[in-house]
Each structure stands twice: as structure tokens, then as C-alpha cells.
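Listed here are the chains, written in short residue letters.
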Amino acid sequence: DRSVSRGLGDVYKRQPYTFLQKALGARKLLQPARGVRERGVINSSIKKNAKNMVKVLFVCMGNICRSPTAEAVFKKMVKEAGLTDKVIVDSAGTHGYHVGEAPDVRAQIAGRKRGYDLSELRARQITSDDFRECDFILAMDWENLTAMQQICPPMYKHKLALLMRYATEYDTAVVPDPYYGGNEGFNTVLDYCEDACEGLLEVVKKRASVYIPGSAL
């Protein structure tokens, strides 16, 4: 999630390419997604049908570790709850350091082990339209919440919150950035996201049943 010029270079050096092939498949990991996301405001392919849908946006710094993990987790929960026609899930970063990149390899591997596929997601930066279009805009930590509060129009600030406010098992305010740590940090991100997203789902279910655009939180 951090602004590092070397990006994932050091990570790749420490992990043999053959290992990546076995873990995820080289093509899926390194090739651009084919029309999966035109990463502007929400998914442009479904935006035209989104008028009466609840829109949830997860936000971290670079949109390659925490927020895409939360997106994958919540999408699966939404699908299992039979709400795919009522809820749109997306993610973004407060900074544009990694725009167009796939999620961190370690995030993909950790997610895959729990049944989440992050391979087709691509990083994007949050836009002014997101504040208007989305109903829930959930930051991974205080730093990114503050960054959004500084640029969000006043009439939409009520939509901003920390994701972990919906957690019931873990008593912590933030999802820690795993970028500079080991693999275990990505498992922690998954633990926190799964916990918070379960609580979030209950709120979204109620909102979806009586949807009022822009009335989140």
C-alpha cells in the first residue's frame, strides 16, 4: 500500500517465479484484466443499472493490499447472501502510486487460500465522483480516513468511516498495512476484513431493503 518506487520488485526477487506460477498462474497474475474493470467510478459496466443499488467502496492508500482484499471478501459475502442485484462493491486508493496494477502477490496468495480471487482487480485512485455515487466509503485506517475527509465535499462526509467500526470480534480501530511485513500480515488483514465485513453485511442488508441513495451510516 505504500509509495515506494521499487514497488513489488523486492518481493518478486525474494519469491521464485516458479513459485508464483504454482500459486496463482503466471498469466492471471501478470497480464492485464480483459475488460474486467474500467476503473473509474464504481464499475462503469454496471453503473447504468446502479441507481437503486447500495454502493460500498473500500479505501486504503495504494489499492493493492487492504482495500482489494476487503472488496473480494465483501463481494463473496454479498454473493452468498443473494444480494448481487442490490449491492455494488468496489475499492480504491487515496494515492495513485499503483494505478492499473494487480493486488500485491502476497495478498492474492493469502486470499486464494481462503477462497477469494483478487487476480482480476486493478488499482485505481478515488475520485470526486466516488463521494457522490457511493453510500458507504470505508477506510482501512485513520490516515486514509483523514485524507478523504480533506477532499470530500461537506455534504458527503457522513458516508466516510473506518471499516473496523463494523467488527465484532476484533477490538481494533484499523486494518494494519501489511506491505512491509511478512505473509502473516496479509492473514491478519483477511481476519479483520472478514470480521468487519460480516457486521457491515447486516447493515447493508437492511439498507438494501429500503434503499435511499446517499443515506449511508
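Residues numbered from 1 in each chain as written. Predicted model: local features only at pLDDT ≥ 70, side-chain atom pairs only at ≥ 80, totals over all residues. Heavy atoms only, no water.

1. A few points about the side chain of D90
Positionally, D90 belongs in strand β4 (residues 87-93). At 3.2 Å, the side chain of D90 forms a polar contact with the side chain of R124. (Helix = DSSP H or I, 4+ residues; strand = E, 2+ residues; numbered from the N terminus. Polar contact = N/O pair within 3.5 Å; in protein donor to acceptor, adjacent residues only side chain to side chain.)

2. Section: the environment of T69
Examined against the element boundaries, T69 turns out to sit in helix α5 (residues 66-80). A C-alpha to C-alpha distance of 7.0 Å links T69 and A107, two positions 38 residues apart in sequence.

3. Points about unusual backbone geometry
Its identity as a non-glycine residue notwithstanding, N63 has a phi of 65°, on the positive side. Checked against the element boundaries, N63 lands in the loop between β3 (54-60) and α5.

4. Concerning the pairing of β3
The buried fraction of β3 amounts to seven of the seven residues, a majority that puts the element mostly inside the structure. For β3 and β4, the ladder comprises seven bridges, and the chain directions are parallel. Counted as the bridge partner of L57 is D90 from β4. Following the backbone out of β3, through α5 and into the adjacent parallel β4, one traces a crossover that is right-handed. (Buried < 20%, exposed > 50% of the residue type's maximum accessible area, 1.4 Å probe, protein only. Pairing = 2+ DSSP bridges. Right-handed = clockwise from strand over helix to strand, strands pointing away.)

5. Re helix α6 (residues 105-113)
Most of α6 is tucked away: seven of the nine residues are buried. Along α6, the residues classified as buried are V105, R106, A107, Q108, I109, A110 and G111. Looking at where α6 begins, the residue whose side-chain oxygen comes 2.8 Å from the main-chain nitrogen of R106 is D104. Phi turns positive one or two residues past the end of α6, at G115, with a value near 95°.

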